Amino acid sequence: MAIDLNRLRMFSIVAKHRNFSRAALELGITAATLSEHIRNLESELGARLFNRTTRSVALTDAGSQLLVAIDPPLATIGETLAGFGPGTQAQTGTLRINGPRPALDFRVTPLIIDFSRQYPGIRVELIADEGFIDVIGAGFDAGVRYGEALAKDMIAVPLGGSQRFCVVGSPNYFKKHGRPGHPKELIDRPCFGQIFPRGNRLHWPFERNGEEIEITPSGPIFTTEPHTQLSAARNGLGLALLFIEHCEPDLKAGTLEAVLEDWCQPFDGPYLYYPERRLMPTALRAFVDFVKHTRHGNRDSSAG
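In this text the structure is predicted, and so the values were computed from the model without any measurement.

Calculation rules
- Residues numbered from 1 in each chain as written.
- Predicted model: local features only at pLDDT ≥ 70, side-chain atom pairs only at ≥ 80, totals over all residues.
- Heavy atoms only, no water.
- Helix = DSSP H or I, 4+ residues; strand = E, 2+ residues; numbered from the N terminus.
- Buried < 20%, exposed > 50% of the residue type's maximum accessible area, 1.4 Å probe, protein only.
- Contact = heavy atoms within 4.5 Å.
- Areas by Shrake-Rupley, 256 points an atom, 1.4 Å probe, with all protein chains shown as cover.
- Pairing = 2+ DSSP bridges.
- Polar contact = N/O pair within 3.5 Å; in protein donor to acceptor, adjacent residues only side chain to side chain.
- Axes fitted to C-alpha atoms, helices over the stretch in contact; angles between N-to-C directions.
- Parallel < 35°, antiparallel > 145°, perpendicular 65-115°, else oblique.
- Left-handed = near helix turned anticlockwise from the far one by under 90°.
- Nonpolar A, V, L, I, M, F, W, Y, C, P; charged D, E, K, R; others polar.
- Expected span 1.5 Å × (residues − 1).
- Salt bridge = Lys/Arg side-chain N within 4 Å of Asp/Glu carboxyl O.

> Report on the overall build of the chain, specifying residues and quantitative values.
A tally of helices and strands in the chain yields nine helices and 14 strands. Scored against the burial criterion, the 304 residues of the chain give a buried share of 41%. Restricting the contact set of the chain to residue pairs at least 6 apart, pairs at least 24 apart contribute 72%. Just so you have it, the chain exposes about 16800 Å², and 51% of that area is on carbon and sulfur atoms.

In structure tokens, the structure reads:
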């Protein structure tokens, strides 16, 4: 027997109020329509559910048995369905984000810490990956990339202000080899390089007064890990080009010094990107809204 679940809900609400008019008001329908639904339900079940007079509505024995049977599952179904309303699922779910390690470290992680305080029920998975993978095809909700690497069909949300590289070396290195005044002087110096998992290497970009120069680091060390480059630079083995955030503790401590600062121009920070879709996963929606609210609260002028 196929019974309309909505009619069972109507029956439950009438039983709660013991009044068709008040039940109809809660349901947003007329009392006449509600009465018709209950009559149809009684016909389908082959049993009278209410004894009705002009002054009272009372459950029959069959009605009482039905109410006891359906009330718990109806309550459970109602609670579950309530979780699918707009904004109601933001407290739960999993958010998977893929991006290069520096962007995750310096832009995403501070946001995630505050986001997790606000949404402790959302599980966050941050996967560092320097390669240009199809993040959606790989099962991620969103990716983090810099502007030049963003696909045109993606929605992009800025994750903060501009960033900057800096060239650093140890004080002893500069005492021994001098401080370069132009990027071309780096060609014959040991410069540690960033290498990516697929073998490609990061070239060192410089710009000043419209002049652009790109240097290919000579080594002797190439690594995916900025901390290895920092350690080698501290030990006087050569120069490293790293995000300023990587270098700040050493610059403050004096264990490293920056050179060619006027050649290291700021560039746009990373973006959170995701495909346009009609129904965005609720955990992602919560994070996107959180990022936009945070940027607005900080009056970030880098939004694009």
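> I'd like a rundown of the pairing of strand 8 (residues 191–194), residues and numbers included.
Judged by which residues are buried, strand 8 turns out to be covered on both faces: Cys 191 and Gly 193 on one side and Phe 192 and Gln 194 on the other are all buried. Strand direction decides the pairing type here: strand 8 and strand 12 (residues 239–243), joined by two bridges, are parallel. Bridge pairing in strand 12 links Phe 192 to Ala 240.

> I'd like a description of the side chain of Gln 163, backed by residues and values.
Along the chain, Gln 163 turns up in the loop between strand 6 (154–158) and strand 7 (165–169). Of note is the side chain of Gln 163, whose polar atom sits 2.7 Å from the side chain of Tyr 146. Engagement of the side chain of Gln 163 in a polar contact is seen with the side chain of Glu 245, the distance being 3.3 Å. Leaving out residues up to four positions away in the same chain, Gln 163 has contacts with Phe 106, Arg 107, Tyr 146, Phe 243, Glu 245, Gln 265, Pro 266, Phe 267, Gly 269 and Pro 270.

> Could you give an account of the packing of helix 7 (residues 226–234) against helix 8 (residues 244–253), with specific residues and numbers?
Put simply, helix 7 and helix 8 touch, their axes get as near as 11 Å, and they point 30° apart. Considering their axes alone, helix 7 and helix 8 lie roughly parallel with respect to each other. Helix-helix and strand crossings are classified by hand; for helix 7 and helix 8 the assignment is right-handed. Contacts between helix 7 and helix 8 pair Pro 226, Leu 230 and Arg 234 from the former with His 246, Cys 247 and Asp 250 from the latter. Here the contact of helix 7 with helix 8 is composed, by residue class, of three nonpolar, one polar and two charged.

> Provide a residue-level description of unusual backbone geometry, including the pertinent values.
Following Gly 219, the chain continues into Pro 220 via a peptide bond in cis, with omega recorded as 15°. A positive phi is found at Asn 209, a non-glycine position, where the angle reads about 50°. Turning to its location among the elements, Asn 209 is positioned in the loop between strand 9 (204–208) and strand 10 (211–215). Although it is not a glycine, Leu 260 adopts a positive phi angle of roughly 55°. Note on placement: Leu 260 falls in the loop between strand 13 (257–259) and strand 14 (271–275).

> So, the pairing of strand 10: which residues are in play, and what are the values?
On a regular strand, one side chain projects to one face of the sheet and the next to the other, so that they alternate. Bridge count for strand 9 against strand 10 is five bridges, and the pairing is antiparallel. Directly across from Pro 205, in strand 10, lies its bridge partner Glu 214.

> Can you explain the sheet that holds strand 7? Please cite residues and give values.
Taken in spatial order, the five strands make up an open sheet running 11-8-12-7-13, and their pairing is mixed. Whereas interior strands pair on both sides, the edge strands pair on one side only; in this sheet they are strand 11 (222–223) and strand 13. By the bridge criterion, three bridges tie strand 7 to strand 13 in an arrangement that is antiparallel. Opposite Gly 169, over in strand 13, you have Glu 257 as the bridge partner.

> Before we move on, could you go through the sheet that holds strand 14 and cite the residues and values that matter?
Pairing in this open sheet of five strands is mixed, and the strands run 4-3-5-14-6 from one edge to the other. The strands lining the two open edges of the sheet, one partner per strand, are strand 4 (122–128) and strand 6. Taking each pair of neighbouring strands and ignoring which way they run, the sheet shows an average axis angle of 25°. This element, helix 5 (residues 101–118), spans strand 3 (93–99), strand 4 and strand 5 (142–145) of the sheet and lies at about 175° to strand 4.

> Go over the environment of Lys 16, please, and point to the residues and values.
One can find Lys 16 in helix 1 (residues 5–17). Overall, the relative accessible area of 55% leaves Lys 16 in the exposed class. C-alpha separation for the pair Lys 16 and Leu 67, spaced 51 residues apart in sequence, amounts to 9.6 Å.

> Please give an account of helix 1 that cites residues and values.
Along its 13 residues, helix 1 runs 19 Å from first to last C-alpha, staying within 8% of the 18 Å computed at 1.5 Å per residue. Of all the positions in helix 1, only Arg 7, Leu 8, Met 10, Phe 11, Ser 12, Ile 13, Val 14 and Ala 15 are classed as buried. Between a side-chain oxygen at the N-terminus of helix 1 and the backbone nitrogen of Asn 6 the separation is 2.8 Å; the capping residue is Asp 4. At the C-terminal side of helix 1, Arg 18 shows a positive phi close to 55°.

> Kindly report on the pattern of salt bridges, identifying the contributing residues and their values.
Applying the stated criterion across every chain yields a total of eleven salt bridges. Linking Glu 42 and Arg 52 is a salt bridge whose minimum nitrogen-to-oxygen distance equals 3.3 Å. Of this pair, Glu 42 sits in helix 3 (residues 31–45) while Arg 52 sits in strand 1 (residues 50–52), placing them ten residues apart in sequence. A residue is classified by how much of its surface remains accessible, and Glu 42, at 11% relative accessible area, is buried. Judged by its relative accessible area of 31%, Arg 52 falls in the partly exposed class.

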